[in-house]
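Analysis of the macromolecular model
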Amino acid sequence: MQQNKGILLALGSIPLMMTLGNSMLIPVLPEIGRKLHVNSFRISMLITVYAVVAILLIPIAGYLSDRFGRKAVIVPSLVLTVIGGGISAAGAWLLQDMAAYWTIIGGRLLQGAGAAGAFPIVIPLVGDLYEDENEASKNLGVVETYNTFGKVLSPILGAALGAVLWFLPLAVIPVLCLISLILVLWLIHVPKRKNQPITFREFAGKVKQVLAEKGRWLYAIFAMGGICMFVIFGVLFYLSDILESRYNLHGVWKGFVLAIPLVSLCLCSYLGGKIIGKHKKRMKWIGLSGLVILTISFAILGFFEHIYVVIGLFTLGGGGIGLALPCLDALITKGIEKEERGTITALYSSMRFVGVSLGPPVVSLLQGRSGHGLLFGVMAGVGGIAALLMLLAVKPEQDETADDPSVNRRKATEELTGVSKEKPLSSKLRRKTPAK
């Protein structure tokens, strides 16, 4: 039990540090822009370059993790984030104006490259370390909770550090990543592979086959993950703006208000991971329930602009997203064979980063041209699309139970013969296609 807690601490520290390394800058971006004498577009690139580089490199990191092992990719990636964070912090501390700006941008590029090989690889690593489906699903929920807790902590910690010294959030990022690196090296021990890694040609053929056979539900989960992140970061951007422009709320107090809906997301993510276990049907219906809650709460939110109603309904919708995320993680992790799991989950993580990148600019456009009603109508609409995708595209077969006599007989036979006849979970999630 103690060893398992240590493993989860090391695994969870990766998404926690990666989230803090990006989101913690959001509250202090205006102050950084003033100190460096650059406009708002250029200062927004501190977030954009990080996300864009990660989107481009995540699939490559996924393949490398399948080819050479998860830890062999995670450790160098964390080293890269430490180096990149150190470059950004040094540039802010020692240089001025545009020289400091471009040095920080260079460091953020390296951080984004490191992030591509860190958190996205954690999801398949959990599936590798925990063969029991119930244990894996529960621990995926714990890891997702670390990720959402990072979102809760980011606005508060970023604003507090920025109040002390404008570049202190940049200086803290490499320290946090170094802590995560030490935990991974100390606590994560991945079993050696029994099989020789396949060539790139063989690997590409297998991934193509996986997408051809299971694309219906895989693409749906990719889209749902992107939609969840799009909604979270889009509405956080909107809420951050109106708290300053309408209610004159700044600094740490604004960070606390932004954290309220994220606490709901964090708590529901943890509970969702514990509830779903290894039950694939349960993953679908709990995930669907969360997406329906998101859709309904945002549809109602479009008719009200009072700040307490906005925060309350966003908190409810955030809880719905928290229920959905561990279900998506578990479905995609346990539905793919271990050899292709890193690349497929990396594609899923790329879609989540796409949602992160699109949320703020899309919301900015909608907010400027159409106002509150259409903004949340669009958010409710994309939430409804995600719910329909979960309902129609994800078709897990009936779960087996310990009380099923046929299951017990099969297990007894396997124990006697040493031969397992159980089909992989990927075949259970696969929709049967008619013969050509």
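Scope of this entry: the structure provided in the associated data block. Everything numeric here is computed off the predicted structure, so don't read it as measured data.

For the rest of this paragraph, the subject is the overall build of the protein. Helices and strands together make up the secondary structure of the protein, namely 16 helices and 0 strands. Counting every position in the protein, which comprises 436 residues, the buried fraction comes to 55%. Across the protein, contacts joining residues at least 24 apart in sequence account for 84% of those joining residues at least 6 apart. For the protein, the exposed area adds up to about 19,400 Å²; of that, 67% sits on carbon and sulfur atoms.

Backbone geometry places His37, a non-glycine residue, at a positive phi of 60°. With respect to the helices and strands, the residue His37 is situated in the loop between helix H2 (29-36) and helix H3 (40-68). Take His37: its relative accessible area is 62%, and that puts it in the exposed class. Not every positive phi belongs to a glycine, and Asp97 is a case in point at roughly 50°. Mapped onto the secondary structure, Asp97 falls in helix H5 (residues 97-116). Exposure remark for Asp97: the relative accessible area of 33% places this residue in the partly exposed category.

Turning our eyes to something else, we now look at the state of the cysteines. In total, this model carries 0 disulfides according to the counting rule given. Counting only cysteine sulfurs, Cys268 is the nearest neighbor of Cys266, a cysteine outside any disulfide, at a range of 9.5 Å.

Going through the model one piece at a time under the given rule, you end up with 3 salt bridges. The partner of Arg352 in a salt bridge is Asp329, with the nearest N and O atoms 3.5 Å apart. Linking Arg352 in helix H13 (residues 338-369) with Asp329 in helix H12 (residues 307-334), this pair joins segments that are 23 residues apart in sequence. For the pair formed by Arg352 and Asp329, the shared burial category is buried.

On the surface, a nonpolar cluster with roughly 540 Å² of combined accessible area is contributed by Val52, Leu56, Leu57, Ile60, Leu64 and Phe68. Structurally, Phe68 is set in helix H3.

This next bit is on the layout of surface pockets. There is about 1,100 Å³ of room inside the largest pocket. Surrounding the largest pocket, 34 residues form its lining, Ile26, Leu29, Ile47, Phe237 and Pro360 being those nearest its centre. Elements with a contribution of two residues or more to the lining of the largest pocket: helix H1 (2-23), H2, H3, helix H7 (133-164), helix H9 (200-245), helix H10 (251-276) and H13. Taken together, the residues of the lining of the largest pocket sort by class into 19 nonpolar, 11 polar and 4 charged.

Time to look at empty space enclosed by the protein. A water-sized probe rolled over the atoms picks out the places where empty space is left. Under the defined criterion, the tally for this structure stands at 2 cavities of 30 Å³ or more. Surrounding the largest cavity, 16 residues form its lining, Thr19, Asn147, Lys151, Phe353 and Val356 being those nearest its centre. Taken together, the elements giving at least two residues each to the lining of the largest cavity come down to H1, H7, H9 and H13. Considering every element that reaches the lining of the largest cavity, the biggest residue donor is H1, with 5 residues. A per-class count over the lining of the largest cavity returns 9 nonpolar, 5 polar and 2 charged. Approximately 30 Å³ is the volume found for the second largest cavity.

Parameters at a glance
Residues numbered from 1 in each chain as written. Predicted model: local features only at pLDDT ≥ 70, side-chain atom pairs only at ≥ 80, totals over all residues. Heavy atoms only, no water. Helix = DSSP H or I, 4+ residues; strand = E, 2+ residues; numbered from the N terminus. Buried < 20%, exposed > 50% of the residue type's maximum accessible area, 1.4 Å probe, protein only. Contact = heavy atoms within 4.5 Å. Areas by Shrake-Rupley, 256 points an atom, 1.4 Å probe, with all protein chains shown as cover. Disulfide = S-S within 2.5 Å. Salt bridge = Lys/Arg side-chain N within 4 Å of Asp/Glu carboxyl O. Patch = residues over 30% accessible without salt bridge, like charges linked within 9 Å, V, L, I, M, F, W, Y side chains within 5 Å. 1 Å grid on protein atoms, 1.4 Å probe; cavity = no way out; pocket = protein on both sides within 12 Å on 5 of 7 lines; lining within 4 Å. Points joined across faces, edges and corners; volume = space filled by probe spheres on them. Nonpolar A, V, L, I, M, F, W, Y, C, P; charged D, E, K, R; others polar.

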